[in-house]
Amino acid sequence: MSKIKLIATATFGLEAVVKREVESLGFTDIEVENGKVIFSANVEDIPKANLWLRTADRVLLLLGEFKVLSFEELYEKTKALPWEEWISEDGEFTVTGKSIKSTLYSVPDCQSIVKKAVVDKMKSKYKTEWFKETGAKYTIQVALLKDIATLTIDTSGTGLHKRGYREEAVEAPLKETLAAALVQLSFWSHDRVLLDPFCGSGTIAIEAAMIGKNIAPGLNRKFASEEWDRIPKEAWKQAKVEAFKAIKHDRELMIYASDKDKKAIDVAKENAFKAGVDDCIDFKVRKFSIINIKNRYGVIITNPPYGERIGEKREVEDLYKQMGREFKNLRTWSKYIITSDENFERLYGKKASKRRKLYNGRIKVDYYQYFGPRPNKA
């Protein structure tokens, strides 16, 4: 088996969560940088990484990394990389790019140079001047940071947050990858109650159910590298079979999700059905103030309204105060709340046990974590 380097890209603030996932999948030689986790793998591991990583944005194949100060240097060093080992003769490939604090700051020029270098390498390999580009798709990225060029091929295709179960979203959607991270950063486990009183389209509850049932997040979707000749079809088949066998069908979960918007709950139920977890989430249309769960030790994970629009701010501030009053009665519960409001703790009436800076799309948010006592083992 030939060793390769893979990069699991991560939203700012989630690198440590992605690293833990990479470790749990058995990968080694792990390095963490801003926005990415680099690790060693075999070619046959690409399916496993794509199927199982819940909080990463994409899985990229690292082709090369080098210092570059001129277009001539970029062309020669790019051409020297083994593109022909990955891209088939009829492969359709595009080049994307970005440049930060680098001598070569023109992204379109860098993309053109890399495209020409790859084409010339392919011409040399396949002894042809023209390519049909009717086969598998390959997205090459040239990323320049402080004059270091990183050349990768995207193995995922569509971002990993696209699980295949959510086709429409209500207002203020939460990315599936971030929702999974919120669950993994909490004290929730499959034998504890989970409540999301502002569930919207159900993303937090669904991601928690998939974690609780050990359902691989990528089981219901396709990946760009499934069509690559370099990865044996048998590797994809085996990875999927193993993922199906790993599902904990008999594990019972106690997950409750509610929202005052009936349309949101209808969407959430449909999403849960598509994700295969509709049988373990209790969805209800109800206002936030109605919390009637008798379990002593539970976990609340929620993404309440942010009040980004003019006219909503006062309403949201009142809601946060109400949350503080309602949650105060759940003394043995742990509460996890994500919001962009910098004044949340003051409005809620209590300082968080821990506060973590994250991003929901382009919105800077904080994850306020209020730790309850450990459940009595008896």
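Our subject is the structure listed above.
Note that the structure is a prediction, hence the values are computed from the model and not measured. (Residues numbered from 1 in each chain as written. Predicted model: local features only at pLDDT ≥ 70, side-chain atom pairs only at ≥ 80, totals over all residues. Heavy atoms only, no water.)

A. Broad picture of the packing of helix 3 (residues 71-79) against helix 4 (residues 107-126). Two elements in contact, helix 3 and helix 4, have axes whose closest approach is 8 Å; the angle formed by their N-to-C orientations is 35°. For the crossing formed where helix 3 meets helix 4, the hand is right-handed. Between helix 3, through Phe-71, Leu-74, Tyr-75, Thr-78 and Lys-79, and helix 4, the contact on the second element is made entirely by Asp-109, Cys-110, Ile-113, Val-114, Lys-116, Ala-117, Val-118, Asp-120 and Lys-121. Considering only residue class, the contact of helix 3 with helix 4 consists of 8 nonpolar, 1 polar and 5 charged. (Axes fitted to C-alpha atoms, helices over the stretch in contact; angles between N-to-C directions. Helix = DSSP H or I, 4+ residues; strand = E, 2+ residues; numbered from the N terminus. Left-handed = near helix turned anticlockwise from the far one by under 90°. Contact = heavy atoms within 4.5 Å. Nonpolar A, V, L, I, M, F, W, Y, C, P; charged D, E, K, R; others polar.)

B. Structural detail: the pattern of salt bridges. Across all of its chains, the model carries 22 salt bridges by this definition. Glu-85 serves as the salt-bridge partner of Arg-230, at 3.9 Å between the closest nitrogen and oxygen. Taken together, the residues Arg-230 in the loop between helix 6 (203-212) and helix 7 (233-246) and Glu-85 in the loop between helix 3 and strand 5 (92-100) connect sequence positions 145 residues apart. The exposure class assigned to Arg-230 is partly exposed, which follows from its relative accessible area of 26%. Glu-85 sits in the partly exposed class, given a relative accessible area of 43%. Members of the salt-bridge network, linked through shared partners, are Glu-342, Glu-345, Arg-355, Lys-364 and Asp-366. (Salt bridge = Lys/Arg side-chain N within 4 Å of Asp/Glu carboxyl O. Buried < 20%, exposed > 50% of the residue type's maximum accessible area, 1.4 Å probe, protein only.)

C. Molecular detail of the pairing of strand 3 (residues 36-42). The buried count for strand 3 comes to 7 of 7 residues, which makes it a mostly enclosed element. Burial along strand 3 is two-sided: Lys-36, Ile-38, Ser-40 and Asn-42 and Val-37, Phe-39 and Ala-41, pointing in opposite directions, are all buried. Pairing of strand 1 (residues 3-9) with strand 3 involves 7 bridges; the strand directions are antiparallel. Within strand 3, the residue paired with Thr-9 across the bridge is Lys-36. (Pairing = 2+ DSSP bridges.)

D. Geometry of unusual backbone geometry. The residue Lys-146 is not glycine, and still its phi comes out positive at about 50°. Tracing the backbone through its elements, the reader meets Lys-146 in the loop between strand 6 (137-145) and strand 7 (148-154). For Asn-214, which is not glycine, the phi dihedral falls at a positive 60°. Among the secondary structure elements, Asn-214 is positioned in the loop between helix 6 and helix 7. With a relative accessible area of 25%, Asn-214 lands in the partly exposed category.

E. Structural view of the nonpolar core. Ranked by size, the top nonpolar core spans 115 residues in total, and within it Ile-140, Val-277, Ile-281 and Met-323 carry the most contacts. Sort the elements by how many residues they give to this core and helix 6 lands first, with 6 residues. Every residue in contact with Met-323, bar those within four places of it in the chain, is listed here: Phe-198, Phe-288, Thr-302, Pro-304, Ile-337, Phe-344 and Tyr-348. (Core = buried A, V, L, I, M, F, W, Y, C linked by side-chain atoms within 4.5 Å.)

F. Inspection of the state of the cysteines at higher detail. A full pass over the atoms with the stated rule returns 0 disulfides. Cys-199 takes part in no disulfide bond, and the closest cysteine sulfur to it belongs to Cys-280, at a distance of 14 Å. Judged by its relative accessible area of 6%, Cys-199 is buried. (Disulfide = S-S within 2.5 Å.)

G. Examining helix 8 (residues 262-275) more closely. In this model helix 8 runs 20 Å from its N-terminal to its C-terminal C-alpha over 14 residues, within 8% of the 20 Å that 1.5 Å per residue would give. Where helix 8 is concerned, the buried positions are Ala-264, Ile-265, Val-267, Ala-268, Asn-271, Ala-272 and Ala-275. Projected down its long axis, helix 8 shows its buried positions confined to an angular sector of 160°, all on one face. In helix 8, those exposed residues whose orientation departs by more than 90 degrees from the buried face are Lys-262, Lys-263 and Phe-273. Of the residues flanking the start of helix 8, the one acting as N-cap is Asp-261, its side-chain oxygen 2.9 Å from the backbone nitrogen of Lys-263. Where helix 8 ends, the next residue or the one after it, Gly-276, has phi of about 80°, a positive value. (Expected span 1.5 Å × (residues − 1). Arc of directions from axis to C-beta. Polar contact = N/O pair within 3.5 Å; in protein donor to acceptor, adjacent residues only side chain to side chain.)

H. Spatial organisation of the environment of Val-119. Position of Val-119 relative to the elements: it lies in helix 4. In this structure, the C-alpha to C-alpha distance between Val-119 and Val-142, residues 23 residues apart in sequence, is 15 Å. For Val-119, the contacting residues outside a window of four places in its chain are Phe-93 and Phe-131.

I. How the structure looks around the side chain of Ser-102. Tracing the chain through its elements places Ser-102 in the loop between strand 5 and helix 4. According to the relative accessible area criterion, Ser-102 is buried, its value standing at 11%. Engagement of the side chain of Ser-102 in a polar contact is seen with the backbone oxygen of Ile-100, the distance being 3.0 Å. Here Ser-102 is in contact with Leu-144, Leu-145, Lys-146 and Asp-147, once residues within four sequence places are set aside.

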